[in-house]
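Inside the fold
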Amino acid sequence: MTGDNFYQIFPPNALIFREGEPGDTAYIIEKGSLEIIVLMGNRELQIARLGPGDIFGEMALVDNQMRTAGARTLSEVSVIAIGKDYVREKLEKSDPVIALFMKAILGRFRKMHASLKETAHGASVEDAIHTGDLVELEDYGLESAFTAGHLALTHELENALREKQLHLYYQAVVNLATHEIKGFEALIRQIHPTKGLIPPVNFIGMAEESGLIVPIGYMIVTEVCELMKKMERAQININLSARQFEEVDLIQRIGAILAEHCPDPRRVTFEITESILMSDPNRVDHMLSELKALGVKIAIDDFGTGYSSFSYLHRFPIDILKIDGSFIKTMASNPKSLEIVRALIGLASSLQMEVVAEGVETLDQVERLREMGCDFAQGYYYSKPIPITDTIDFFNRGVPSPEA
Ligand code: C2E
Ligand code: CA
Ligand code: CA
């Protein structure tokens, strides 16, 4: 339980809440007994008597309706109060199907309850339940269509993984001083039998939300290791997403894969974003240290787009900064971008980190970056991400120097 949930004690004959008031808390009874009461005209009607272990007020947790009944203690009662925000947060993180059913069941229950009350006032049961159903469908129709669409996409992605439609493409990272290819960044694509090549923006979000990024991630590490056996010296970068860091055994699993398949972990770099660092700094710091202990390097991806305070950087074991492509793109036209790039190169150097410019598309950008002392560049100027079959050739052939 979190700090939002707390222990409360009520004396006998106390109203914990009244029918008709807004509510944002549910309760679990620990000791004592109470009654649930509804108003019938001027009359109070006891509809339930609850004791230790019983839950009440739970309908307030998932929607914004008023309390449909009141709760009054019959003896001294101690409860654990559970806030709506807490439940909402948990529900949002849970499987969308479970969340939808949870809301639908509570909604239906609330409406049935209202209908039955109405029935007691004279309307027919059938009318009441019928009306209740209609409202229920309106309320949840949109959301269930959304969830169904969501499910279909997740299912498609599961299929893609099983049918081996997910493939890594590789984009060269080039040393700006020597024009040598340092290595490659592995970038995932789906190759669909009829739709063709699908870029990661179309499915990475879904992979993260559904958790599928976890098995996909382990597959990526394994595949990269196999490629490395065929390319001596090449450094390979692998992207890790925030969702993967939620796995308690992430580092252990990666360690096991590297131990079994990797010819040299020192040639592997994991790319993470600033938001991963900031999500839970102590935990992530610990995980990164464990990751580094495997012999790999760590790069901060899309650097400059996340948090403006750089003061936190030195506390994490980071080897490489990758300057986000948006700064490189506007460097020639916007003096501010140019100064940001210069400052980031300086920052990396003073922290003894390597620096890579992303999204480099023109010779002009290459030259400016070299002048400013940037170590490496990656972008369409050198190469787009290419399939594995071309990667080994490309590495052996190398890139021509701009002067040549
Ligand atoms: P990212 O890690 O920042 O990857 C760089 C993206 O920039 C890639 O897009 C790459 O194709 C693109 N790019 C490279 N050079 C240039 C250039 O000169 N100009 C322009 N306009 N773009 C360039 P891609 O492959 O579509 O990947 C998009 C994002 O999807 C990646 O951004 C990364 O966040 C995510 N992603 C890709 N593969 C993986 C993966 O294996 N695992 C995880 N967790 N995320 C991945
Ligand atoms: Ca990346
Ligand atoms: Ca990037």
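1. Some remarks on the sheet that holds strand 3 (residues 25–31)
- Read across the sheet, four strands follow the order 1-8-3-6 without closing on themselves; strand pairing throughout is antiparallel. The outermost strands of the open sheet, each flanked by one partner alone, are strand 1 (6–10) and strand 6 (55–56).
- Packing against the sheet, helix 1 (residues 84–93) makes contact with strand 3 and strand 8 (77–83), and its axis sits at approximately 50° to strand 8.

2. Description of the site of ligand 1
- If you check the shell around ligand 1, you find 22 residues, and the closest are L187, P200, N239, G379 and Y380.
- For the shell around ligand 1, the elements supplying multiple residues, two or more each, are strand 10 (181–192), helix 5 (213–230) and strand 14 (297–303).
- Looking at which element gives the most residues to the shell around ligand 1, the answer is strand 10, with three residues.

3. Observations concerning the environment of G205
- With respect to the secondary-structure elements, G205 resides in helix 4 (residues 204–210).
- Among the residues examined, G205 registers 13 C-beta atoms within 10 Å and is labelled partly exposed.
- G205 sits 36 residues away from S241 along the chain, and the two C-alpha atoms are 9.9 Å apart.

4. Examining the packing of helix 5 against helix 7 (residues 250–261)
- Where helix 5 meets helix 7, the axes come as close as 10 Å, and the angle between the chain directions of the two elements is 20°. Relative to helix 7, the element helix 5 is oriented roughly parallel. Crossing angle aside, the handedness with which helix 5 passes helix 7 is right-handed. Residues Y218, V221, T222, C225 and E226 of helix 5 lie in contact with helix 7, whose contacting residues are R253, I254, I257, L258 and H261.
- Broken down by class, the residue content of the contact of helix 5 with helix 7 amounts to six nonpolar, two polar and two charged.

5. What to know about the nonpolar core
- Judged by nonpolar contacts, the single largest core of 62 residues is most densely connected at V224, I238, L321, I323 and A377.
- Not counting residues within four places of it along the chain, the set of residues in contact with I238 comprises A186, I220, V221, V224, V268, F270 and E271.
- Grouped together as the second largest cluster of nonpolar side chains are 15 residues, F56, L61, V79 and V87 included.

6. A short note on the pairing of strand 13 (residues 268–273)
- Burial runs high along strand 13: six of the six residues are buried.
- Residues V268, F270 and I272 of strand 13 are buried on one face, and the alternating residues T269, E271 and T273, pointing to the opposite face, are buried as well.
- When strand 13 meets strand 14, the two strands line up parallel, connected through five bridges. Within the sheet, the bridge partner assigned to I272 lies in strand 14 and is I300.

How each quantity is defined
- Residues numbered from 1 in each chain as written.
- Chains lettered and ligands numbered in written order.
- Predicted model: local features only at pLDDT ≥ 70, side-chain atom pairs only at ≥ 80, totals over all residues.
- Pairing = 2+ DSSP bridges.
- Helix = DSSP H or I, 4+ residues; strand = E, 2+ residues; numbered from the N terminus.
- Contact = placed C-beta atoms within 7 Å.
- Axes fitted to C-alpha atoms, helices over the stretch in contact; angles between N-to-C directions.
- Near = placed C-beta within 6 Å.
- Buried ≥ 20, exposed ≤ 12 C-beta atoms within 10 Å, placed from the backbone.
- Parallel < 35°, antiparallel > 145°, perpendicular 65-115°, else oblique.
- Left-handed = near helix turned anticlockwise from the far one by under 90°.
- Nonpolar A, V, L, I, M, F, W, Y, C, P; charged D, E, K, R; others polar.
- Core = buried A, V, L, I, M, F, W, Y, C linked by C-beta atoms within 7 Å.

In short, geometric facts, not functional conclusions.
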